[in-house]
Amino acid sequence: MLPSIFQQAVPVLRKLEEADFEAYFVGGSVRDYFLGRTINDVDIATSAYPDEVKRIFQKTFDIGIDHGTVLVMEEGREYEITTFRTESSYTDYRRPDKVEFIRSLEGDLKRRDFTMNSMAMDGGGHVVDPFNGKEDIHNKLIRTVGSPASRFSEDALRMMRAVRFVSQLGFTVEHSTLDALCEHSGLLEHIAVERKTAEFEKILGGKWKEEGLKLLVHTNLYRELPGLSNFHAELLKLTELHQLDRLDQHQTWLLLLYYMGKEDLQGFLKRWRLPTKTIHSRSKELAILKERKTTGWTKHLLYRAGLAAALNVEAVYGCLDPSGSVSSEELKKQFNQLVITSRQQLEVTGHDLMTWSAKQGGPWIKERLAEIEMNIVNETVPNDKEVIRRWLETCSRL
Ligand code: ATP
Ligand code: MG
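Presented here is an overview of the structure given in this document. Owing to the predicted nature of the structure, the values given are computational and were not obtained by experimental measurement.

A contiguous patch of negative charge, built from D41, D43, E78 and E80, is present on the exposed surface. With respect to the helices and strands, the residue E78 is situated in strand β5 (residues 77–83).

Next up, the structure:
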């Protein structure tokens, strides 16, 4: 019996079939089904043209109509339905110049990147597999559909996709596909940074990231990634760590940044077009990691980090020094024992300081609050308003 995620979507296929069109599950969901992996969403391909799809379903949204994709709402769920298509004339090693809608499933499967991603399955579980994707899945092989050299020249992002599937699935790249990867890696320069970033992050988050990273270096693809061309040794250094597979994408990034020791960290991360929030949290965590390495977890460091960042940092530190690291449970315990865990818990406010001192507001308030905060966290002063006031007076801080 098909997994429920497919079962729920069968009525969508049936609606298209009842209108005399073909409809199949395609792409990643079919691959993951044969791999026994969790399926997050199903993609549907059909012989119906977009306007025909829109006539069949009541609630639709044009999310990528130029590429033939219509978003359909059925029974409260969203489905991406894409018309069978071919892609032609790739003049710039990236997106196709022209997308042509077709009525044949085979034509659609042929344009897909790897054999494992080029299978289709109908509502009854019958599989259409013209490029022997099932066999390649069985042998854990990544192989392009057709000539690897032309497929990578058509769209150079496929090379990054190959490496990320190595990292996510633990597959190996088939021989001639690998040769073409090494030969054409330079073409990746034509690909938009955002797309490279998305694939790179999937590589860093994969269960077999060690293999993915080795391949990124072996094929020279890393040279086309923002600011990484001189960091061949650092990338390989990551792969030598024993506990690397325990790290998630974000933590692996952090470890890489630690090894790279970039001075202009923000500038480097900006080149990857990462969100400002991510850039800030990575910069903060990297600084915390360096401090944790020299001083260990002091109360004040733990407080400044916050629990989430501290756990990330310690996971990374565990890779650098497995015997010297603290368990998450222990770290959580230490964090929960802090007198305060955020500035809101301070018994004193900036307003109190102004009232007590009869002085105007200004930068001194922020400085004084930080000083009070540090003493409270370090338990040299209790978090008690009256005691704090007396303490400030005694050391002439008002
Ligand atoms: P994931 O599980 O990460 O979503 P996926 O294989 O579903 O992996 P998508 O990017 O969602 O990847 O693409 C869906 C399908 O579209 C792929 O399985 C593949 O058949 C096809 N595809 C995606 N990108 C390309 C590409 N650059 N060239 C050719 N076919 C592609
Ligand atoms: Mg997908």
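And the narrative resumes.
Geometry of a packed helix pair, given as the angle between the helix axes and the separation of the axes. Contact pair helix α14 (residues 276–295) / helix α16 (residues 307–320): the axes reach a minimum separation of 9 Å and the direction vectors enclose 55°. Judged by the angle between their axes, α14 and α16 are oblique. Two packed elements cross with a definite hand, and for α14 against α16 that hand is right-handed. Across the interface between the two elements, E285, I288, L289, R292 and K293 of α14 pack against A309, N312, V313, E314, V316, Y317 and L320 of α16. Across the contact of α14 with α16, the residue classes break down as seven nonpolar, one polar and four charged.

Inspection of the secondary structure puts Q168 in helix α7 (residues 157–169). If near-sequence neighbours (up to four positions away) are discounted, Q168 is found in contact with R37, K202, G206, K207 and W208.

A side-chain oxygen of the first residue of helix α20 (residues 385–394) lies 3.1 Å from the backbone nitrogen of E386; this N-cap is D384. Positive phi shows up at S396, right after α20, with a value of about 45°.

This part is about α14. Taking 1.5 Å of rise per residue, the 20 residues of α14 would be expected to cover 28 Å, and the 28 Å separating its terminal C-alpha atoms lies within 8% of that figure. Listed in full, the buried residues belonging to α14 are I279, R282, S283, E285, L286, I288, L289 and R292. Where the residues of α14 are buried, they touch α9 (193–205), α12 (249–260), α13 (265–271), α15 (299–305) and α16. Immediately downstream of α14, the backbone of G296 shows phi near 75°, a positive value.

What counts as what
- Positions within a chain are numbered from 1, following the residues in the order the chain's sequence is written.
- Chain A is the first chain written and ligand 1 is the first ligand written, with later ones labelled in order.
- This being a predicted model, a pLDDT of at least 70 is required before a residue's local features are given, and a value of 80 or more before pairs of side-chain atoms are given or counted; all residues contribute to the totals for chains, interfaces and linings.
- Neither water nor hydrogens contribute to the side-chain values; these are computed over all heavy atoms in the structure.
- Surface patches are drawn from residues lacking salt bridges whose relative accessible area is over 30%; two like charges belong together within 9 Å, two nonpolar side chains (Val, Leu, Ile, Met, Phe, Trp, Tyr) within 5 Å.
- Using a 1.4 Å probe, the Shrake-Rupley method yields the accessible areas, and only the shown protein chains count as cover for residues.
- Salt bridges are counted wherever a side-chain nitrogen of Lys or Arg sits within 4 Å of a carboxyl oxygen of Asp or Glu.
- A residue counts as positive if it is Lys or Arg and as negative if it is Asp or Glu; His and the chain ends are not included.
- Just so you know, the charge point we use is NZ for Lys, CZ for Arg, CG for Asp and CD for Glu.
- The helix count covers DSSP runs of H or I at least four residues long, the strand count covers runs of E at least two residues long, and both are numbered beginning at the N terminus.
- Here, axes are lines fitted to C-alpha atoms. For helices the fit covers the stretch in contact, and angles between N-to-C directions go from 0 to 180 degrees.
- Oblique is the label for every angle not falling under 35 degrees (roughly parallel), over 145 degrees (roughly antiparallel), or within 65 to 115 degrees (roughly perpendicular).
- Each crossing gets its handedness from the near helix: less than a right angle anticlockwise from the far helix is left-handed, clockwise is right-handed.
- Throughout, a residue-residue contact means that at least one pair of heavy atoms, one from each residue, lies within 4.5 Å.
- Each residue receives one of three labels: charged for Asp, Glu, Lys and Arg, nonpolar for Ala, Val, Leu, Ile, Met, Phe, Trp, Tyr, Cys and Pro, and polar for the others, Gly being one of them.
- Any pair of N or O atoms that falls within 3.5 Å is considered a polar contact. Within protein, one atom must be able to donate a hydrogen and the other to accept it, and sequence-neighbouring residues count only if both atoms are side-chain atoms.
- Helix span is expected to be 1.5 Å times the residue number reduced by one.
- Only protein chains enter the accessibility calculation, which uses a 1.4 Å probe; a residue is then buried when its area is under 20% of its type maximum, exposed when over 50%, and partly exposed in between.

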